[in-house]
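# Architecture and fold: a report
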Amino acid sequence: MRIKEFLSSSQAQRRYWARSYIQWPIFSSSQPNQSHYILNDWFSKGKIHTLLTQNVDELHKKAGTLEAIELHGSVHKVHCLNCQKQMSREAFQIILDSVNIEFSPEVRDVKLRPDADIYLEEVRAFFLKWYFSLI
């Protein structure tokens, strides 16, 4: 779901969080593969100086590359659109476990969004300008 659609209605947000709630245990338990570890090794040895990823899964970080730049953000963080506070997606999963997001008055008026792709247009322009300055 694109951020524009996500922000367009509470129905879209409920649909996103319902799907995310069901998929989170599987998604969050994903592990890095050999490529993630090879890139981390190259990064730590100075063979590459920047690791820019379009992935939102934090697998590069799980492999040890804490400095990886996540172009599209991370679904491991959740931001409040009302107050801009941030919490881990894992903490939000616990909240979702304890309330029915569809009808709960505690959640209905709180507008939360995933960290991924929130500023995609601005970020893409920034990183493209930065990338081409390196060439």
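The present account deals with the structure reproduced in this document. (Residues numbered from 1 in each chain as written. Predicted model: local features only at pLDDT ≥ 70, side-chain atom pairs only at ≥ 80, totals over all residues. Heavy atoms only, no water.)

### Details of the overall build of the protein
In terms of regular secondary structure, the protein is built from seven helices and five strands. Starting at the N terminus, the α and β elements of the protein follow one another as α-α-α-β-α-β-β-β-α-α-β-α. Buried residues in the protein amount to 35% of all 135 residues. Relative to all contacts within the protein whose residues are 6 or more apart in sequence, the contacts with residues 24 or more apart total 55%. Surface accessibility of the protein: about 8,900 Å² in total, with carbon and sulfur atoms responsible for 57%. (Helix = DSSP H or I, 4+ residues; strand = E, 2+ residues; numbered from the N terminus. Buried < 20%, exposed > 50% of the residue type's maximum accessible area, 1.4 Å probe, protein only. Contact = heavy atoms within 4.5 Å. Areas by Shrake-Rupley, 256 points an atom, 1.4 Å probe, with all protein chains shown as cover.)

### What to know about the packing of aromatic side chains
Going through the model one piece at a time under the given rule, you end up with five aromatic pairs. Here the aromatic rings of Phe6 and Tyr16 are separated by 5.4 Å at their centres, their planes lie at 85°, and the arrangement is edge-to-face. Taken as a pair, Phe6 in helix α1 (residues 3-8) and Tyr16 in helix α2 (residues 10-28) lie far apart in primary sequence, ten residues in all. Assessed through its relative accessible area of 14%, Tyr16 is described here as buried. Lying over the aromatic face of Trp24, Arg89 brings its terminal NZ or CZ to 4.7 Å of the ring centre. (Phe/Tyr/Trp six-rings, centres within 6.5 Å; stacked < 30°, edge-to-face > 60°. Lys NZ or Arg CZ within 6 Å of the ring centre and 35° of its normal.)

### Let's talk about helix α5 (residues 89-98)
Along α5, the positions that sit buried rather than exposed are Arg89, Phe92, Gln93 and Leu96. Projected onto a plane normal to the axis of α5, the buried residues spread over an arc of 110° and lie on a single side. α5 presents Ile94, Asp97 and Ser98 as exposed residues on the side facing more than 90 degrees away from its buried surface. (Arc of directions from axis to C-beta.)

### As for the nonpolar core
Core analysis: the largest hydrophobic core is formed by nine residues, namely Ile3, Phe6, Tyr16, Trp17, Trp24, Val75, Val78, Phe92 and Leu96. The set of elements that each furnish at least two residues to this core consists of α1, α2 and α5. If one sorts the elements of this core by residue count, α2 sits on top with three residues. (Core = buried A, V, L, I, M, F, W, Y, C linked by side-chain atoms within 4.5 Å.)

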